[in-house]
Every structure is written in C-alpha cells, then in structure tokens.
Amino acid sequence: LTIVLFGRTKAGKSSLFAALTGEAFDGIGRGGQNHTTEVRAKVVVDASGRACVIGRQLNLLCPLPELRKATAWGYFRGGKRLPGIDAGETTMLLIPGGGWFWYIPLPDDIVSVGIVADPEYLFSQSDDLEAAFGRETARCTSLAERLATAERVGPVRGSRHLAYLNRQTCGE
C-alpha cells in the first residue's frame, strides 16, 4: 500500500505520517515535499470528508439522482441576529419550489449563509457560482434584510453536486 499525504498544513501531514508509520517526528514539516512512503496496514480509512480522496482515486463515486442538489455559501460580518437568547439560533428559510437557505450565527459577528437547491434552479441564469448566490440571497426578502448592512468576508464557495455515493466502502 502506498500512501501519499497531502493537504494544506505541514503539521497535519507530519502528524498523520507519524501516526501511520509509528515513527516519532521532531517537528512540523519533517520529510520533504512530495515525499511518498510505503506503509503496510490491515485497514485504511479515508477520513478526508467531501474530498473523498480514496473514492475519487479509485473512481468509486457515483451521483445520487434522487438527491441532485447544488450548494453555494459564504460568510458575512455584521449580519443581523435575533434578539436575546435567540441570537445564536440557526434559521432555515425555504425557497418556493424546493430548496432552502441556512443562516448560522458564528462567533466574532460572523454568519454563515448558504443555499441548497436543484442545480437547474440555482444555475438557471448563469453558471457563475457567485452570481447565482448573489441573485438568490437578494431574491429572499427576509435574508436580504438580515444581510443589508453585512459585508461578505471571503469567497463564495459551493458545489454543483452535493450528494454522491461510494459504490464500495470496504474490501481487499
């Protein structure tokens, strides 16, 4: 079994390398760039989340037609919150015809705002993720009111294909 470790942080890769090999390491970034080591293991777990590293590498992903949904989301500073004890409440806003928004208050005056809807709906006017997100947040009156004085921080993120299935989850 060959394991290639990659990611955004040297610390995470070094810690994972040490855990997989049982070797001690003396600091962040031990080893070099593009370093591959062969490791023998009875079980390998893909804990990469939506990245689904092993599933993608082995071409095991298949769409779920009954759950065809796209998503787009962003973070905003200064979005309105409910008063008092409800200030941290997550709100779901339904879209006529299917789909919904989430509005999740986070620490430091940040709110996470996202939409889940059929790809045909979300991208009906443009394939541009940011344009679709901006159009839909403006179209939802109660959401637009909450974001009227807010400033988006960071890019709009999203996926055209939210739901998938691994055809195989274990084996030899």
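Check the entry above for the structure.
Criteria and thresholds
Per-chain numbering applies: the sequence of each chain, read as written, is numbered from 1 onward. Owing to the predicted nature of the model, reporting of local features is limited to residues with pLDDT of at least 70; listing and counting of side-chain atom pairs is limited to 80 or more, with chain, interface and lining totals taken over all residues. With hydrogens and water excluded, all non-hydrogen atoms of the structure serve as input to the side-chain values. Note on exposure labels: buried denotes an accessible area under 20% of the residue type's maximum, exposed denotes more than 50%, and partly exposed covers the range between, all computed with a 1.4 Å probe on protein chains only. Counting from the N terminus, the helices are DSSP H or I runs at least four residues long and the strands are E runs at least two residues long. Note on contacts: a residue pair is in contact if any heavy atoms of the two residues lie within 4.5 Å. We define a polar contact as two N or O atoms separated by no more than 3.5 Å, with the added condition that, inside protein, one atom must be a possible hydrogen donor and the other a possible acceptor, whereas residues neighbouring each other in sequence contribute only through side-chain atom pairs.

Trainee: What is the right way to read helix 4 (residues 129-139) from this model?
Mentor: Helical geometry note: an α-helix holds 3.6 residues per turn, so side chains three or four residues apart project in the same direction. Those residues of helix 4 lying buried are A132, F133, R135, E136 and T137. Buried residues in helix 4 make contact with strand 4 (70-77), strand 6 (100-106), strand 7 (110-117), helix 3 (119-122), helix 5 (141-146) and strand 8 (151-159). Near the N-terminus of helix 4, the side chain that reaches the backbone nitrogen of E130, with its oxygen 3.4 Å away, is that of D128.

Trainee: Looking at this model, I keep getting lost on unusual backbone geometry. Mind explaining?
Mentor: A negative phi angle characterises most non-glycine residues, just as the trans form characterises most peptide bonds. One non-glycine residue, N59, lies in positive phi territory at about 55°. Its location among the elements puts N59 in the loop between helix 2 (53-57) and strand 3 (61-63). Judged by its relative accessible area of 57%, N59 falls in the exposed class. For D108, which is not glycine, the phi torsion reads 60° and is therefore positive. Within the element layout of this structure, D108 appears in the loop between strand 6 and strand 7. Classification of D108 by relative accessible area gives exposed; the value is 66%.

Keep in mind that these numbers describe shape and distance, not what the molecule does.
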